[in-house]
Amino acid sequence: MFSFIGSIIVLLLGYFIYGRFVERIFGADPNRKTPAYTMQDGVDYVPLSQNKSALIQLLNIAGLGPIYGAIQGAMWGPAAFLWIVFGGIFAGAVHDYLSGMISLRNGGANVPVLVSKYLGEKAKIIVNIFAVLLLVLVGVVFVTGPAGLLAILTPEVLTKQVWVWIIFAYYFLATVLPIDKIIGKIYPIFGAILIVMAVGIGGALFAQGYEIPEITLQNLHPEGVPLWPLLFVTIACGAISGFHSTQSPIISRCLKNEKEGRFVFYGMMIAESLIALVWAAAAMSFYGGTEGLGQALANPAGPSGVVKDAAFTMMGTVGGVLAILGVVVLPITSGDTAFRAARYTLAEWFNIDQKSPANRYKIAIPLFIVGIALSQMDFNILWRYFAWANQTLAMIVLWTGSAYLVKHNKNHWISTLPATFMTAVSVTYILQASEGFNLPTAISYPSGIIAAAAALFYFVFNINKIKESVADSKAA
């Protein structure tokens, strides 16, 4: 219990202390006009209040990851707390803040444009394809998960497949309509449900006397699965997630003031880490340890079954329904903006103006045809590829943030160090994972470390070239 409480305190201190440090290094300027005013179009560039921007950002980034990922990551034991806390403070929140603020400084540009500008034109096509595929994968995996949970709560006529079509229909509307027409109006309701869920589960852990294990570096996975690098890929959205960088530009187009960035970008990542912390603790304690959790996850319902069992037992029928609705809200409010961000990316790529509804339909319809087709694939396979792609994009965006900071003669180590770490995670995972190259750890471990060291050496060695080659605009 002390480890859990301490983790919450450290996360909050991280926001107030390290978050302010990162903001100071970046140099947020309250007097600089934001794209919400300089590029206002009534569709995507719309000034929103700080609280509404923060709530939309939280719901955009907090999909299934901080719940399903945290539950699966809890299989390794309380070491998961350390990754959630320190990953959230020093990697995830820095990643989110830099991606949001650099986008803001570049007119609300999306990840491929930023990568091209700060890492070079050669990376643009690859990152464009990578980003769109990741966004569509996110949209798809965030359909089937909530559809399954909704099917549990509703009459038999509303099967999982029916809910899939209903969610896809909502996603389409949220993708093509102006941001303040649907997303800006219903997200406050979703946010209230989300808060009830997180507070309810966290409160039940204390009120009902569940034993939350104390932090240990011991690998408690019942199957002996190695902690490195699997834990750091399994728990993504609760610690660091490349998907967030695709969502931050949505809100960078809506901020009224640059000083709002620390609360909206850095702060909402810390809030997501708190959600992940609650569910990791609940998963460990509800089943009496990782052995019981492993048996629960082995059931066909998987993480959805864990959510259902824990919610109804810990919060009763009414509270359980609200908790499950909170879990449903998270992926739905990430899936809708995933497709929206994919539309942004393709529009920038092919230079298609988005003021015209017809142009938005031209991009959205093919996107959803692909998404519906992918939804017929096995969820577990899609999730594994999403998890790796997610952390790989986070690595790329952190290196982009480092290049930006170098260009502006600022302390680049706040992003260079986590970028180096995530390079080791991404390379090691794809080399040893069954869906990757399936190599033994004797090869994947040293290869990942060598790749990370090489990336760091290359970056530091070329700092002067980066300063000279990046053509920065006056606005940036």
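For the structure itself, look to the data block above.
Given the structure is predicted, the values throughout are model-derived calculations rather than measurements.

1. Re the pattern of salt bridges
Inspection of the entire model under this criterion finds seven salt bridges. The salt bridge partner of Glu23 is Arg262, with a shortest N-O separation of 3.6 Å. With Glu23 in helix H1 (residues 2–26) and Arg262 in helix H12 (residues 261–286), this residue pair connects regions lying 239 residues apart in the sequence. When the shortest N-O distance is used, the salt bridge between Asp44 and Arg343 registers 3.3 Å.

2. Some details on the packing of helix H17 (residues 413–432) against helix H18 (residues 441–461)
Taken N-terminus to C-terminus, the directions of H17 and H18 make an angle of 150°; their axes are 8 Å apart at the nearest point. It follows that H17 is roughly antiparallel to H18 by the angle criterion. Judged by the twist between their axes, the crossing of H17 over H18 is right-handed. Contacts between H17 and H18 involve Trp413, Thr416, Thr420, Thr423, Ala424, Val427, Thr428, Leu431 and Gln432 from the former and Thr441, Ser444, Tyr445, Ser447, Gly448, Ala451, Ala452, Ala455, Leu456, Phe459 and Val460 from the latter. Partitioned by chemical class, the residues of the contact of H17 with H18 number 11 nonpolar, nine polar and no charged.

3. A few points about helix H13 (residues 290–298)
Side chains that are three or four residues apart share a direction in an α-helix, a result of its 3.6 residues per turn. Of the residues making up H13, those classed as buried are Thr290, Gly292, Leu293, Gly294, Ala296 and Leu297. The elements touched by buried residues of H13 are helix H4 (65–73), H12 and helix H14 (302–350).

4. Some remarks on the nonpolar core
Ile67, Ile71, Tyr97, Tyr171, Met197, Tyr266 and Trp279 are the most contacted members of the largest nonpolar core, which has 151 residues in total. Top element by residues in this core is H14. It accounts for 19 residues. If near-sequence neighbours (up to four positions away) are discounted, Trp279 is found in contact with Pro66, Ile67, Ala70, Ile71, Met197, Ile201, Val307, Ala310 and Val327.

5. Things to note about a nonpolar patch on the surface
Where nonpolar side chains cluster on the molecular surface, the patch consists of Ile5, Ile9, Leu12, Leu13, Phe16, Ile17 and Phe206 and spans about 650 Å² of accessible area. Examining the composition of the nonpolar patch, we find that six residues originate from one element, H1, more than from any other. Checked against the element boundaries, Phe16 lands in helix H1.

6. A closer look at unusual backbone geometry
Of all residues except glycine, most have a negative phi; of all peptide bonds, most are trans. The residue after Trp228, namely Pro229, is reached through a cis peptide bond having omega -5°. Of note, the phi angle at Asn351 is positive, near 55°, even though the residue is not glycine. Considering the arrangement of structural elements, one finds Asn351 in the loop between H14 and helix H15 (357–374). Positive phi, close to 55°, is recorded for Asn438, a residue that is not glycine. Among the structural elements, Asn438 can be located in the loop between H17 and H18.

7. So, H15
For H15, with 18 residues, the first-to-last C-alpha span of 26 Å sits near the 26 Å given by 1.5 Å per residue. Within the span of H15, buried status applies to Asn359, Arg360, Ile363, Ala364, Leu367, Phe368 and Gly371. Contacts made by the buried residues of H15 are with helix H7 (122–153), helix H8 (160–176) and H14.

Rules used throughout
- Residues numbered from 1 in each chain as written.
- Predicted model: local features only at pLDDT ≥ 70, side-chain atom pairs only at ≥ 80, totals over all residues.
- Heavy atoms only, no water.
- Salt bridge = Lys/Arg side-chain N within 4 Å of Asp/Glu carboxyl O.
- Helix = DSSP H or I, 4+ residues; strand = E, 2+ residues; numbered from the N terminus.
- Axes fitted to C-alpha atoms, helices over the stretch in contact; angles between N-to-C directions.
- Parallel < 35°, antiparallel > 145°, perpendicular 65-115°, else oblique.
- Left-handed = near helix turned anticlockwise from the far one by under 90°.
- Contact = heavy atoms within 4.5 Å.
- Nonpolar A, V, L, I, M, F, W, Y, C, P; charged D, E, K, R; others polar.
- Buried < 20%, exposed > 50% of the residue type's maximum accessible area, 1.4 Å probe, protein only.
- Core = buried A, V, L, I, M, F, W, Y, C linked by side-chain atoms within 4.5 Å.
- Patch = residues over 30% accessible without salt bridge, like charges linked within 9 Å, V, L, I, M, F, W, Y side chains within 5 Å.
- Areas by Shrake-Rupley, 256 points an atom, 1.4 Å probe, with all protein chains shown as cover.
- Expected span 1.5 Å × (residues − 1).

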